[in-house]
Amino acid sequence: MSQTLVVKIGTSSLTQSATGHLALSTLATLVETLTHLRYQGYRVVLVSSGAVGVGRDRLGLTERPRTIALKQAVAAVGQGRLMRVYDDLFSSLKQPIAQVLLTRGDLVQRNGYVNAYNTFQQLLKLGVIPIVNENDTVAVDELKFGDNDTLSALVASLVEADWLFLLTDVDQLYSADPRENPNAQPISLITNMEQLEEFQVQTGESRSGWGTGGMITKIEAARIATGSGVRTVITEGKYPQNLEKILQGEAIGTQFEPQIRPVNARKHWIAHVLIPMGKLYLDAGAVKAIYQGGKSLLAAGITKVEGGFNIQDSVQICDLNGQEIARGLVNYSSGELQRIKGLHSDKIPEILGYEGVETVVHRDNLVIREQGTGNREQRIEGERK
Ligand SMILES: Nc1ncnc2c1ncn2[C@@H]1O[C@H](COP(=O)(O)OP(=O)(O)O)[C@@H](O)[C@H]1O
Ligand SMILES: N[C@@H](CCC(=O)OP(=O)(O)O)C(=O)O
């Protein structure tokens, strides 16, 4: 079967830094390149940022919108404008496109996820290039992807892509932010994500004028995508024609190799799409059992329960210090767990008054976090401040 490519382009590449106007020559080259790749038989999805940047330019605003309502209004102006430009350019080359606007909430329900999968498959079968963005105008904080790097990685996983290209305003990943550190060393290949720690990669605070996540969200995106078997490349958006060269084997940008044994689709959904509703703290024995022994989580190993959640909600599973070690779907609500935590499973029927299941999180619904990566939300939140 033909290969599937997801290409994400950031605001920094779509707009001119000096004026904030659209970078028309970049857009035209991107459209030519993607259409050419379609002719060669690749299935192509474009994840395009730019709604806020283009809306801001259209309205003549000189500052980044600060309130949520203003940002959502500006995105509504810009998204239509952006799609108009894409449709004009792709239509001149007879390439049909589609607009797909998503929020994280659309993918949280398993049937929503499967629906989105079917729609993408149908569009790709029809030879259409779907153009995806976050539905900024309606997305509420709790149900946001927050940045299009994460969105593109989840889309790449959803459509079972072979490649994810993150096009930005630097030519590749460096050991530190090249804007701040002139001695930053370029990194061409990452074969596993632990190497980021070996190379001591720093992502600094800076991002381009209108960009959202900076480099940290691209690294997170690479982690999510490679974890589901997608080869990921960070490269410069100014030269979209490089995509063809990279596909022909040229070492351009930074390539992240896919993991050899990717996590299955359901576990990937638990780990990256679902929003955790609470936290379970475990004693050392339970941490060892699930971390090293691949066991299910039992009530006996739980020392503390935080948050309010229902059966089948996602929770963070933490060690005694609150460091997240896994995520999983619970078989008991938070209220029930408050009553049975620390107890042997035999005691559950007596305490709850009904025959519950033995496990609190069954190992089929439990995903271990990679060692040494810390808490993704905390890291990204820290970076955004
Ligand atoms: N280690 C690093 N290597 C390369 N770039 C980095 C690094 N750390 C931070 N950056 C910054 O990340 C910026 C790109 O992120 P961002 O502005 O969000 O782009 P986009 O709009 O394409 O998503 C670059 O301009 C660069 O200054
Ligand atoms: N959804 C937003 C883009 C969010 C985003 O991640 O932006 P960027 O860092 O430029 O890729 C928009 O269209 O303006």
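Cut-off values and rules
- Residues numbered from 1 in each chain as written.
- Chains lettered and ligands numbered in written order.
- Predicted model: local features only at pLDDT ≥ 70, side-chain atom pairs only at ≥ 80, totals over all residues.
- Heavy atoms only, no water.
- Salt bridge = Lys/Arg side-chain N within 4 Å of Asp/Glu carboxyl O.
- Helix = DSSP H or I, 4+ residues; strand = E, 2+ residues; numbered from the N terminus.
- Buried < 20%, exposed > 50% of the residue type's maximum accessible area, 1.4 Å probe, protein only.
- UniProt positions renumbered as here; feature names shortened; annotations may be inferred.
- Contact = heavy atoms within 4.5 Å.

## Examining the pattern of salt bridges
1) Next: One pass over the full model with this rule turns up 10 salt bridges.
2) Next: The closest approach of N and O atoms between arginine 84 and aspartate 88, which form a salt bridge, is 3.2 Å. With arginine 84 and aspartate 88 both in helix 4 (residues 68-92) and four residues apart, the pair spans about one turn of that helix.
3) Next: On the basis of relative accessible area, aspartate 88 is assigned to the partly exposed category, the value being 40%.
4) Next: Close ionic contact of lysine 304 with glutamate 306 constitutes a salt bridge, the shortest N to O distance being 3.5 Å.
5) Next: Given the relative accessible area of 39%, lysine 304 is considered partly exposed.
6) Next: Its relative accessible area of 31% is what places glutamate 306 among the partly exposed residues.
7) Next: Through salt bridges that share partners, Lys8, Asp149 and Lys218 make up one connected network.

## A word on the UniProt feature "binding site: substrate" (unreviewed entry) in the protein
1) Next: Here the UniProt feature "binding site: substrate" (unreviewed entry) sits at Ser49, Asp136 and Asn148. Spanning 100 residues, the named residues nonetheless gather at one spot, since no C-alpha pair among them exceeds 10.7 Å.
2) Next: Counting through the fold element by element, serine 49 comes out in the loop between strand 2 (43-48) and helix 3 (51-59).
3) Next: Tracing the sequence through the fold places aspartate 136 in the loop between strand 4 (129-134) and helix 7 (148-158).
4) Next: Excluding residues that lie within four positions of it along the chain, aspartate 136 makes contacts with Ala51, Gln72 and Ala75.

## Concerning unusual backbone geometry
1) Next: For lysine 94, which is not glycine, the phi torsion reads 65° and is therefore positive.
2) Next: Structurally, lysine 94 is set in the loop between helix 4 and strand 3 (97-102).
3) Next: According to the relative accessible area criterion, lysine 94 is exposed, its value standing at 70%.
4) Next: Here glutamine 312, not a glycine, exhibits a phi torsion of approximately 75°, which is positive.

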